[in-house]
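Close look at the chain arrangement
For reference, the chains in residue letters:
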Number of protein chains: 4
Amino acid sequence: MQHAGMRRIGVMTTGGDCAGLNAAIRAVVRRAVGHHGLEVIGIHQGTMGLLEDPPRAEPLTLAMADAGLLRAGGTILGSVNRGTPFSFPLPDGGVTDLSAKIHAGVAKLGLDAIIGIGGDGSMRIMHRLMQTGHFPFVGIPKTIDNDLGATEYAIGHHTAVEVAMEALDRLQPTAASHNRIMVLEVMGRDAGHIALAAGIAGGADVILIPEIPWRMAPVAAAIRALRERGRNFALVVVAEAVRTAEGETVFAGPSAPGAMPRLGGVGARIANALEKATGAEARVTVLGHVQRGGSPGALDRIVASSMGVHAVDLAVAGRFGRIVVWAEGRVGDAPVDQAAGAARPVDPEGDMVRVARGLGICLGDR
Amino acid sequence: MQHAGMRRIGVMTTGGDCAGLNAAIRAVVRRAVGHHGLEVIGIHQGTMGLLEDPPRAEPLTLAMADAGLLRAGGTILGSVNRGTPFSFPLPDGGVTDLSAKIHAGVAKLGLDAIIGIGGDGSMRIMHRLMQTGHFPFVGIPKTIDNDLGATEYAIGHHTAVEVAMEALDRLQPTAASHNRIMVLEVMGRDAGHIALAAGIAGGADVILIPEIPWRMAPVAAAIRALRERGRNFALVVVAEAVRTAEGETVFAGPSAPGAMPRLGGVGARIANALEKATGAEARVTVLGHVQRGGSPGALDRIVASSMGVHAVDLAVAGRFGRIVVWAEGRVGDAPVDQAAGAARPVDPEGDMVRVARGLGICLGDR
Amino acid sequence: MQHAGMRRIGVMTTGGDCAGLNAAIRAVVRRAVGHHGLEVIGIHQGTMGLLEDPPRAEPLTLAMADAGLLRAGGTILGSVNRGTPFSFPLPDGGVTDLSAKIHAGVAKLGLDAIIGIGGDGSMRIMHRLMQTGHFPFVGIPKTIDNDLGATEYAIGHHTAVEVAMEALDRLQPTAASHNRIMVLEVMGRDAGHIALAAGIAGGADVILIPEIPWRMAPVAAAIRALRERGRNFALVVVAEAVRTAEGETVFAGPSAPGAMPRLGGVGARIANALEKATGAEARVTVLGHVQRGGSPGALDRIVASSMGVHAVDLAVAGRFGRIVVWAEGRVGDAPVDQAAGAARPVDPEGDMVRVARGLGICLGDR
Amino acid sequence: MQHAGMRRIGVMTTGGDCAGLNAAIRAVVRRAVGHHGLEVIGIHQGTMGLLEDPPRAEPLTLAMADAGLLRAGGTILGSVNRGTPFSFPLPDGGVTDLSAKIHAGVAKLGLDAIIGIGGDGSMRIMHRLMQTGHFPFVGIPKTIDNDLGATEYAIGHHTAVEVAMEALDRLQPTAASHNRIMVLEVMGRDAGHIALAAGIAGGADVILIPEIPWRMAPVAAAIRALRERGRNFALVVVAEAVRTAEGETVFAGPSAPGAMPRLGGVGARIANALEKATGAEARVTVLGHVQRGGSPGALDRIVASSMGVHAVDLAVAGRFGRIVVWAEGRVGDAPVDQAAGAARPVDPEGDMVRVARGLGICLGDR
């Protein structure tokens with residue numbers, strides 16, 4: 001059932017980009033324009049695009065929302081990360097509230113609905129914008145870290161896992177040829193889902209994630225055990241935000257205990273430490289933004305397409321303030337105030353950790 | 001809790017191969033040998049290997065179950081498709097019951113449990129073997145068609161989808177360069193899950209699946225509508241078992257209505273018919289077994305690893321006659337008599353069909 | 001040294017598309033616009049675009065010639081295959097000479113040079129257009145078949161080889177899992193370069209190419225020999241235009257001897273014949289246009305970029321009637337009348353055939 | 001013509017591994033065993049394997065030299081990098097001459113020929129071993145850096161280029177989505193061939209290589225010029241051994257001028273400097289050994305297979321002291337004393353540099 005007066009939907013991407021954003025944008029356009037006969041306005045640079053006068057935005061047509069867009073990495077709408085508009089940082093060190101300007105931008109564009117594709121922070125911001133003015137929004141979750149509580153699956157995660165797995169596929173033969181430890185540093189600012197999934201998929205021997213503080217002793221023991229049964233190499237996956245256990249002093253200086261310093265890179269530092277602890281040569285690869293970009297994998301395309309269609313249907317039904325979710329292998333939705341804010345780190349007693357331990361992978365804690 | 005007297009587990013693969021079988025075998029060995037300290041015997045050529053004297057089988061070691069095996073396509077144990085052993089076809093045209101020989105083979109190998117990785121038919125056969133003798137089995141579901149009722153997800157499906165999607169990624173630019181219709185024939189003997197998922201992921205304009213009988217009129221209309229809005233090409237995905245609607249006479253001769261003849265290939269015949277109906281040039285690609293083989297994608301590796309670990313834990317707990325399933329994003333299990341036999345075709349009113357229609361994809365029925 | 005009065009260059013693609021055409025177009029624009037300060041006009045649909053009034057053409061800018069274009073398969077300019085404009089077929093069965101109209105189109109666009117990216121036939125047509133009017137052209141060779149005499153390497157070939165090789169990488173494990181013969185049919189209308197290179201790169205046991213007529217006896221013997229030394233499967237690559245040897249009667253009906261009939265597909269027919277001759281199961285994959293499309297590989301991008309830059313420099317120097325060539329690992333050029341027309345089939349005594357035989361690959365003749 | 005008394009050929013890999021080594025080993029076995037009926041002994045860990053008593057070596061059979069080996073990255077024979085055996089470093093700080101032990105190892109294995117797959121240093125060592133004792137060797141060149149003077153092409157280079165190009169394909173969309181500079185650090189200890197080829201193939205805006213010392217001013221100017229014409233991002237490829245120009249002080253501390261310090265990574269330091277110089281955000285990816293490993297691309301497989309076959313034929317003909325080369329698109333050979341030692345850096349006036357400049361890529365010098 002169509003919401004009375006629904007004519008024009010805005011769509012924007014916010015926060016860090018990832019593979020599958022364009023697939024979601026495409027699905028929004030195909031559903032809204034092609035099926036419901038609405039207009040879709042693409043807003044550039046997230047909420048920042050709404051601040052400008054006139055707003056930075058353009059109509060998105062079916063011709064633009066073709067299969068080429070489905071395959072393209074990144075986001076054609078651009079995205080900026082500037083924190084919350086409610087206390088936006090000023091050059092003089094102060095802050096200002098930009099929310100009224102954002103509401104004005106929505107009014108200027110004449111938007112009857114806004115579909116925001118973003119992470120947890122973006123969902124909270126959009127929820128508050130809805131509470132404080134005309135901002136009839138539906139959220140689509142994206143994060144390569146996959147740590148949104150509301151949804152089993154967020155756009156971008158699986159492609160990142162695939163990229164990291166492919167790196168392990170390439171690292172294994174060269175590790176074996178030279179009796180080396182290969183350390184792969186992957187993304188994961190607050191959560192280790194990428195490291196855990198890619199490590200399982202890529203045959204890692206050791207996976208270090210932020211949720212499970214690590215010590216060198218069990219890691220070195222695991223690598224020695226491999227060597228004793230004839231395996232001459234080891235694959236180690238580390239999330240960028242990995243933390244050492246309380247009292248662990250493997251890293252000299254400011255890094256122990258707790259969060260490791262960014263200087264020099266976590267992966268490089270762990271590789272160095274592993275060389276000292278095991279006597280084996282170690283090398284490091286830092287995948288960086290390769291994990292965010294490029295053509296999305298099949299799962300991200302399917303999930304993003306499903307979510308885009310569903311988000312439009314929610315908007316058309318006037319069901320605002322909801323976030324699209326993926327649960328039990330299908331698309332659904334949930335109220336954003338329930339969903340946002342509930343971060344979903346790796347459960348140290350959860351299924352994937354059990355699988356990793358079941359495969360004999362060392363997680364650094366024992 | 002460990003089953004009293006559990007010492008030796010057999011593992012075999014049955015039915016058509018797919019990507020991820022070796023990942024599951026590897027997980028079984030790592031869990032059973034590495035964690036539980038059991039022996040694992042790999043049985044060659046499925047139940048056929050149990051018929052020989054001595055049985056065709058070999059111990060599988062941790063060294064064999066390394067990360068190389070995780071990445072490898074196919075199955076190191078081999079697999080044959082010979083129908084049910086309860087009425088096995090003889091050269092003279094008669095049938096014989098081989099089940100006693102299979103039970104004898106299990107006894108000769110001294111197996112306390114058997115993990116069978118197979119499709120629906122294999123699950124039914126193993127269930128009956130368990131009912132008629134010593135065959136303490138746990139099943140792991142695999143099928144590229146993903147039409148097993150018990151599980152949201154079976155090993156091998158997603159890699160097939162990825163392969164078909166990549167073909168569409170390559171077909172689109174050449175289609176656009178030459179104003180052509182590209183027909184991609186994919187696997188799917190009884191179910192259209194591959195065609196539907198790959199078509200959504202690969203940007204198909206038309207998807208024809210066995211569950212939705214098709215007619216030429218709506219397909220040709222959809223392609224003409226694309227042309228009218230300026231799109232000069234079309235991507236068409238057809239499952240090999242696609243059926244025309246009652247009364248449809250687009251194919252001369254024995255093909256109409258009902259199941260299409262294999263001679264010449266479904267894809268080629270549909271391409272020909274589309275040329276006649278639309279006036280555009282059409283070309284066909286038949287992916288064939290490329291969909292079954294090769295290194296598994298990340299999802300298949302993760303699911304297969306999870307299932308292998310869980311299957312061993314079920315066996316060790318003495319919970320036989322169960323099939324491992326993937327539901328709600330995690331591994332679980334179900335009794336095989338509930339699970340096997342319940343085929344899961346594409347639901348013509350289900351989620352994925354709704355997504356496809358939501359994206360404006362023509363499914364051939366309207 | 002710049003040709004006096006050079007201001008505007010046209011660029012077009014002719015004949016069958018392939019990966020790397022856009023990379024060449026991009027290089028032309030970057031060199032001509034970015035370095036020489038010229039205008040570049042993209043002509044649509046090859047010489048057909050010049051026949052329309054006004055001609056179908058558009059200025060190509062640096063912004064269009066960005067890295068996205070480098071990665072894109074196909075050709076943004078489109079391409080048609082309609083035979084020679086000097087005797088263009090009419091609906092009534094007669095022919096007409098369109099060359100004057102083409103010259104008029106060049107004049108209307110005010111082109112001082114034309115860069116034509118095409119195959120052998122296109123080069124001959126453009127040469128004749130130059131001899132019969134104002135058509136100051138430089139040619140860039142493309143053909144997935146790589147059978148142009150003038151150049152070691154033509155745009156598009158290597159990507160096709162990579163695609164076919166990846167198919168073999170996927171076919172091998174499933175072949176081994178099921179004791180099967182896998183037949184891969186690849187493109188190659190007049191030459192077997194794709195089949196030969198992909199077969200060597202993909203580990204084929206048998207490669208059948210048009211240049212070496214084949215008989216079933218040596219092929220079946222080679223497959224039996226594999227089986228005798230314990231190998232249970234075989235990979236067979238066949239070029240679409242493969243021919244049987246004189247007197248060979250393996251195919252009943254019109255197919256023996258000489259060129260094989262297209263009905264049913266060469267690959268499917270050979271698979272059938274192999275089943276009968278060896279008793280093994282055989283399956284077929286027909287890659288079709290997957291070989292033409294998609295993002296070009298590194299070699300095609302490098303060669304296409306090099307050729308595009310060089311073509312512009314030739315045009316700017318007024319050196320018309322030349323074709324860019326790749327020889328001895330670098331870009332160069334040759335007069336088109338020497339270059340065009342000299343087809344370069346696989347040399348049955350040449351290097352690549354020696355490599356194939358050196359690896360023990362059966363080529364069907366002995 | 002076969003060398004009298006040739007019965008047993010040893011094969012080994014030396015120096016850093018790369019993709020394609022196994023393809024070459026496989027070709028050696030297939031040619032020597034399958035065609036010439038010889039024995040092939042695989043020597044483990046390069047010349048180190050010859051020092052042990054008994055030598056670390058095993059017969060390589062046709063069954064081992066199957067298509068799986070063709071596709072596998074790394075080297076099944078292993079490889080160590082320990083410098084020259086003529087002055088091998090001792091734990092006490094002294095050196096010793098191990099060459100007599102190597103000659104003894106060759107005698108113990110009864111080798112009539114040795115095929116050594118290695119880089120420039122390995123070729124020199126093997127040449128000297130031939131001059132000082134029984135070491136009848138034929139060399140096959142491999143180096144991902146592709147800086148061997150003797151050959152246009154060495155095994156492993158092109159796969160490294162492909163891996164780096166794919167990283168750029170993924171970095172571009174995320175760069176564009178966030179208005180960022182993406183820095184990709186690739187291998188290249190002494191030569192910039194990987195950076196140059198991957199940068200051209202991957203659409204880099206800036207490529208920094210050791211052969212062309214760089215300054216910040218032209219790089220920053222190039223990035224600003226992109227921005228002025230509307231391009232909001234930049235792709236920068238840097239070889240790990242890149243050097244700043246004389247007098248350049250962009251890096252504080254020990255890094256200016258000359259070779260940059262390894263601490264923190266060249267890529268990370270350049271990213272930092274670019275942020276300061278341009279005001280744009282920059283991110284870094286360090287591919288590391290991902291470039292060395294994994295399944296080889298088609299070109300590396302074809303070249304390695306060709307070289308393996310040719311090396312055996314040279315050995316069988318008794319033509320020792322020669323290195324197989326790839327020149328003018330085909331395999332050949334040259335005397336090792338001519339070939340080894342002539343490093344082939346990127347020619348700053350050469351073809352590929354001209355292509356890069358022709359495409360408007362900034363090389364950091366102007």
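What this report covers is the structure whose coordinates are included nearby. (Residues numbered from 1 in each chain as written. Chains lettered and ligands numbered in written order. Predicted model: local features only at pLDDT ≥ 70, side-chain atom pairs only at ≥ 80, totals over all residues. Heavy atoms only, no water.)

**Some details on the sheet that holds strand β15 (residues 330–335) of chain D**
Residue and element names in this part refer to chain D. For the record, the criterion: Any two strands between which DSSP finds at least two bridges are classified as paired. Strands are runs of DSSP state E lasting at least 2 residues, helices are runs of H or I lasting at least 4, and numbering of each runs from the N terminus. Angles run from 0 to 180 degrees between N-to-C directions of axes, and those axes are lines fitted to C-alpha atoms, restricted for helices to the stretch in contact.
What the 7 strands build is an open sheet, ordered β3-β2-β1-β6-β7-β14-β15; its pairing is mixed. What marks the edges here is a single partner per strand, and that holds for β3 (57–59) and β15. Each strand of the sheet is rotated relative to its neighbour by a mean of 25°, with strand direction disregarded. Two strands pair when backbone bridges link them, and strand β1 (residues 8–13) and strand β2 (residues 39–43) are joined in this way by 4 bridges, in the parallel orientation. Directly across from I9, in β2, lies its bridge partner V40.

**What about the arrangement of the chains?**
Defined as follows: Any two residues whose heavy atoms approach within 4.5 Å are treated as being in contact.
Spatially, chain A and chain C are disjoint, and the shortest separation between their C-alpha atoms is 10 Å. When C-alpha atoms are compared, chain B and chain D, though not in contact, are closest at a spacing of 10 Å.

**So, the interface of chain C and chain D**
Which entries qualify depends on this criterion: Throughout, the accessible surface (probe 1.4 Å) given up by two parts as they are put together, summed over both, is called the buried area. When a carboxyl oxygen of Asp or Glu is within 4 Å of a side-chain nitrogen of Lys or Arg, the pair counts as a salt bridge. Here a polar contact means two N or O atoms within 3.5 Å. Within protein one must be a hydrogen donor candidate and the other an acceptor candidate, and residues neighboring in sequence count only if both atoms are side-chain atoms. The classification used treats Ala, Val, Leu, Ile, Met, Phe, Trp, Tyr, Cys and Pro as nonpolar, Asp, Glu, Lys and Arg as charged, and all other residues, Gly among them, as polar.
With 48 residues of chain C at the interface, the matching set in chain D holds 48 residues. Carbon and sulfur atoms make up 51% of the surface buried where chain C meets chain D, a total of about 3,900 Å² over both sides. Inspection of the chain C/chain D interface yields 8 salt bridges. Close ionic contact of D66 of chain D with R231 of chain C constitutes a salt bridge, the shortest N to O distance being 2.5 Å. At the junction of chain C and chain D, the tally comes to 16 residue pairs in polar contact (both at pLDDT 80 or more). At the level of secondary structure, the elements contributing two or more residues to the side of chain C that touches chain D comprise α1 (21–35), α3 (67–71), α6 (157–178), α7 (193–202), α10 (298–316), β15 (330–335) and α12 (351–358) of chain C. A class-by-class count of the residues in the side of chain C that touches chain D yields 21 nonpolar, 12 polar and 15 charged.

**Digging into the packing of aromatic side chains**
Condition: Each pair of aromatic rings taken from Phe, Tyr and Trp, with Trp reduced to its six-membered ring, is defined by centres within 6.5 Å and is described as stacked if the planes are under 30 degrees apart, edge-to-face if over 60, and tilted in the remaining cases. We call a residue buried when its accessible area falls under 20% of the maximum for its residue type, exposed when it is over 50%, and partly exposed in between, using a 1.4 Å probe and counting protein chains only. Should the NZ of a Lys or the CZ of an Arg lie within 6 Å of a ring centre and within 35 degrees of the ring normal, that charge is described as sitting over the ring.
With the rule as written, the count across this model stands at 4 aromatic pairs over all chains. With a centroid separation of 6.3 Å and an interplanar angle of 45°, the aromatic rings of F135 of chain B and F137 of chain B are classed as tilted. For F135 of chain B, a relative accessible area of 1% corresponds to the buried category. Judged by its relative accessible area of 0%, F137 of chain B is buried. If you follow R231 of chain A out to its NZ or CZ, it ends over the ring of F233 of chain A, 4.2 Å from the centre.

**Notes on the relation of the copies chain A and chain B**
Note: a rotation about an axis with an accompanying shift along it relates these two copies of the chain. Stated formally: Least squares is used to superpose the copies, and the fit set is the C-alpha atoms of residues whose pLDDT is at least 70 in both copies.
Of the transformation superimposing chain A on chain B, the axial component is 0.0 Å and the angular component is 180°, with the fit at an RMSD of 0.0 Å. The relationship between the two copies is best expressed as a two-fold rotation axis. Across chain A, the smallest distance between a C-alpha and the rotation axis is recorded for E328 of chain A, namely 1.9 Å. Of the residues that chain A buries at the interface, 100% are likewise interface residues in chain B, meaning the two copies contact each other through the same surface.

**Structural notes on helix α9 (residues 266–278) of chain D**
All names here are of chain D. Here is the rule we go by: A helix is expected to reach a length of 1.5 Å times the quantity of its residues less one.
Across its 13 residues, α9 extends 18 Å between first and last C-alpha, which sits within 8% of the 18 Å expected from 1.5 Å per residue. Those residues of α9 not exposed but buried are V266, G267, I270, A271, A273, L274 and T278. Against β8 (180–186), β9 (206–208), α8 (216–228), β10 (234–239) and β13 (281–286) lie the buried residues of α9. A positive phi of about 80° marks G279, the residue just after α9.

**Some words on the interface of chain A and chain B**
If you look at the interface, chain A gives 48 residues, while chain B gives 48 residues. For the pair chain A and chain B, the two sides together bury roughly 3,900 Å², of which 51% comes from carbon and sulfur. On the chain A side of the interface with chain B, the three residues burying the most area are R30, R71 and L359 of chain A, jointly 15% of the side's total. Linking chain A to chain B there are 8 salt bridges.

**Quick word on unusual backbone geometry**
For the bond from D53 of chain C to P54 of chain C, the omega torsion is 0°, close enough to zero to count as cis. If you trace the backbone, P54 of chain C turns up in the loop between α2 (48–51) and β3 (57–59). Although it is not a glycine, N146 of chain A adopts a positive phi angle of roughly 60°. Position of N146 of chain A among the secondary structure elements: in the loop between β7 (137–141) and α6 (157–178). The phi torsion at N179 of chain D lies on the positive side, around 55°, for a residue other than glycine. Tracing the backbone shows N179 of chain D in the loop between α6 (157–178) and β8.

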